[in-house]
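Descriptive structure summary
Here are the chains, one letter per residue:
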Amino acid sequence: MNVLILSKILWPEGSGGELATHLYARLLIENDVDVKVAISSTPNYFKVWSELPIYKIPVLGYGKYTIVPMFKKLRELFEWSDIVYCTDFFPIIPLIKQAFKKPVVTHIHSYFPACPIGSLYNLKEGSTCKPDDKNCSKCIWYYERAYTKTFSQALISMLLNSTIGKGFLNLVMLADALVFVSNAQRDLFLKHAPNLPRQSYVIYNPLPDIPYIPVEGDDLGYFGGFSPLKGFHVLMHAWFKVYDKHNSRLHVSLAEKIFKHQATFEKKKIILYGRLSGQVYDRVYENIKAVLLPSVVPEALPYVVSEACLRGRLLIASKVGGIPEMVSGFKGVLLVKPNDADALAEALDWALSMDKSEAVELGLKNREEILKRFNNSKSAEELIRVFERVSS
C-alpha cells in the first residue's frame, strides 16, 4: 500500500497534530506501508525524518488560504499513491478525488473546519459553542484581539475566517473517511457538522517514546503559554490565591509575549520561558512534580496530558473534551471544572501540599496507567484498516 501524507509542516514544528503525523508515519513504515510526505514549508526535517522521502510542494497564498499548483512532481506523487492521507491542504481534496480518483482519508486533530479557528469555544461568552447559537465574526474578533493581534490583523482574520473559512467544511465532506482523535471530539464536531459523511472513526493518537524523569523539585509546570484558551488567566487567578502559602514556584513556557514583565512575575514565584526543548525542557521537568492544564476549550486529545503521565508527574487538568477519556481513574490525576479559579486553587493546594515521595509514587502510577490505556500498535492497525476500507 502506497500512502501519500499531505501536511503543511512537520514535527518538531507545529503542535500535537504534527507530532501525531510523525508518529503515524513511523508506525506505518514499521507495518510495511510505503510512505511519502508532501509539505509546503522549507525547514530541514531530514534529521528527524531521515527514513522518509519528503517533497516540498509550492503553494500560493498564506496559512490555510492557499492554492496548490499542479506541478509535475505533485502529479507523480498522486499517481503513485493508493491512499492520500490528508492532515492539511483541504482545498486540494476535490482535485484528488476528481482528477486522480484517489481515496482520501482526512485526520481531524482540532475542531477545524467545524470552527474557523479550530476551538469551538466562544472566548467572549466563556462557553463551548452551540450549533444553533454561533456568531463566528464576533468570536473571531475577540479571539484575535485576545492574542494581541493588531486591529488590521484581527479585521482580516475576522473577514476571512467568518466567510471563506466556513467553506472548508464542504471540502472535508468530500473525503472518503474522517479520523477523529477522541469520542468527545467527534461528538462535538458532528453536532456542528451533521451533514458530514458517516464514515468517521475514532483512533487515539499514538504515544511518543518519552522516558521517565526523576522528580527533584516541588514546583509546578504549565506549558500552554499566554493563551486564554489554555486557561492562563484562570491559572493566574488560582496561583495568586495559593502561592504565598508554599515555597514552590510555577514554571510557565511559551511566555515570550510577557517577558517584559518577568520581574513582576518572579515576585509571584513564576518563572517564564520561551519554547522549551532538549536539555532545558528536561531540567524544567526535573524541578516539577505536577503538570497543569487548566484549558477552557474542549481539548481533543492533548499530548501535554500523555507527556505528563509518561514522565511520571501528577496532573491537574480541566475536565473537558477528550481529557477524561485519557486519564479518568488515574490516582495521580485531578480533573477540575474548567474556568473555575477556586476549584483550580484547591487542586494546586493538593499538589503543593503533597509530600514529594507520595507525588513520585502517584506519578509513576500515572506512567503505568497511560501505557496500559494506549497502544501504538493498535492505533496503527486501526488506521491501516481505515485505509483498506476506503480503497476496497
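Just above sits the structure.
A brief structural summary. (Residues numbered from 1 in each chain as written. Predicted model: local features only at pLDDT ≥ 70, side-chain atom pairs only at ≥ 80, totals over all residues. Heavy atoms only, no water.)

**Focus on a nonpolar patch on the surface**
On the surface, Phe151, Leu155 and Leu159 cluster together into a nonpolar patch covering about 290 Å² of accessible area. Along the chain, Leu159 turns up in helix α5 (residues 151-161). Note on Leu159: relative accessible area 48%, which makes it partly exposed. (Patch = residues over 30% accessible without salt bridge, like charges linked within 9 Å, V, L, I, M, F, W, Y side chains within 5 Å. Areas by Shrake-Rupley, 256 points an atom, 1.4 Å probe, with all protein chains shown as cover. Salt bridge = Lys/Arg side-chain N within 4 Å of Asp/Glu carboxyl O. Helix = DSSP H or I, 4+ residues; strand = E, 2+ residues; numbered from the N terminus. Buried < 20%, exposed > 50% of the residue type's maximum accessible area, 1.4 Å probe, protein only.)

**Brief notes about the sheet that holds strand β11 (residues 200-202)**
If you trace the seven strands from one edge of the open sheet to the other, you get β3-β2-β1-β6-β7-β10-β11, paired in parallel fashion. Whereas interior strands pair on both sides, the edge strands pair on one side only; in this sheet they are β3 (54-56) and β11. Within the sheet, the average angular offset between the axes of one strand and its neighbour, ignoring direction, is 20 degrees. As paired elements, strand β10 (residues 177-180) and β11 share three bridges and run parallel to each other. Across the sheet, residue Phe180 finds its bridge partner in β11, namely Val202. Strand contacts of helix α15 (residues 376-391): β1 (2-6), β6 (83-86), β7 (104-107), β10 and β11, with the helix running at about 130 degrees to β6, the strand carrying the most contacts. (Pairing = 2+ DSSP bridges. Axes fitted to C-alpha atoms, helices over the stretch in contact; angles between N-to-C directions. Contact = heavy atoms within 4.5 Å.)

**Observations concerning unusual backbone geometry**
Here the amide bond leading from Phe112 into Pro113 is cis, since omega sits at 10 degrees, within 30 degrees of zero. Relative to the helices and strands, Pro113 is located in the loop between β7 and β8 (121-122). Positive phi outside glycine occurs at Asp32, with the angle close to 65 degrees. Tracing the chain through its elements places Asp32 in the loop between α1 (16-30) and β2 (34-39). The exposed category is assigned to Asp32, whose relative accessible area is 68%. Even without being glycine, Asn339 reaches a positive phi, approximately 65 degrees. Among the secondary structure elements, Asn339 is positioned in the loop between β17 (333-336) and α13 (341-353). Residue Asn339 is classed as partly exposed on the basis of its relative accessible area of 40%.

**Comments concerning the sheet that holds strand β14 (residues 270-272)**
In spatial order, the strands read β14-β13-β12-β15-β16-β17; together these six strands make up an open sheet with parallel pairing. Edge positions in the sheet fall to β14 and β17, since each of these pairs with one other strand and no more. Between one strand axis and the next, the sheet turns through 20 degrees on average, direction left out of account. Of the pairings in the sheet, the one linking strand β12 (residues 219-222) to strand β15 (residues 288-293) comprises four bridges and is parallel in character. Counted as the bridge partner of Asp219 is Ile288 from β15. Strands β12, β15, β16 (314-318) and β17 of the sheet are contacted by α13, whose axis makes an angle of about 180 degrees with β16.

**Quick word on the packing of aromatic side chains**
Applying the stated criterion across every chain, the model contains twelve aromatic pairs. Relative to Tyr285, the ring of Tyr281 lies with its centre 5.5 Å away and its plane at 70 degrees, an arrangement referred to as edge-to-face. Taken together, the positions of Tyr281 and Tyr285, both in helix α10 (residues 278-287) and four residues apart, correspond to about one turn of that helix. Chaining the aromatic ring pairs together yields one cluster made of Tyr222, Phe226 and Phe232. (Phe/Tyr/Trp six-rings, centres within 6.5 Å; stacked < 30°, edge-to-face > 60°.)

**With respect to α10**
What α10 keeps buried is the set Tyr281, Val284 and Tyr285. On an axial view of α10, the arc spanned by its buried residues comes to 100 degrees, and they lie on one face. Looking at the packing, one finds that the buried side of α10 touches β13 (250-252), β15 and α11 (303-310). (Arc of directions from axis to C-beta.)

**Description of the nonpolar core**
Among the nonpolar cores identified, the biggest contains 79 residues, and Leu6, Phe78, Phe189, Leu220, Trp239, Leu250 and Leu348 are the most heavily contacted of them. Among the nonpolar cores identified, the runner-up in size contains 31 residues, and Phe223, Tyr273, Val327 and Ile370 belong to it. (Core = buried A, V, L, I, M, F, W, Y, C linked by side-chain atoms within 4.5 Å.)

**Things to note about the packing of helix α8 (residues 232-242) against α13**
As a packed pair, α8 and α13 sit with axes 8 Å apart at the nearest point and diverge in direction by 55 degrees. By the angle between their axes, α8 is oblique relative to α13. At the point where α8 passes α13, the crossing takes the right-handed sense. Of the residues in α13, those in contact with Val234, Leu235, His237, Ala238, Trp239, Lys241 and Val242 of α8 are Ala341, Asp342, Leu344, Ala345, Leu348, Asp349 and Leu352. In terms of residue class, the contact of α8 with α13 is made up of ten nonpolar, one polar and three charged. (Parallel < 35°, antiparallel > 145°, perpendicular 65-115°, else oblique. Left-handed = near helix turned anticlockwise from the far one by under 90°. Nonpolar A, V, L, I, M, F, W, Y, C, P; charged D, E, K, R; others polar.)

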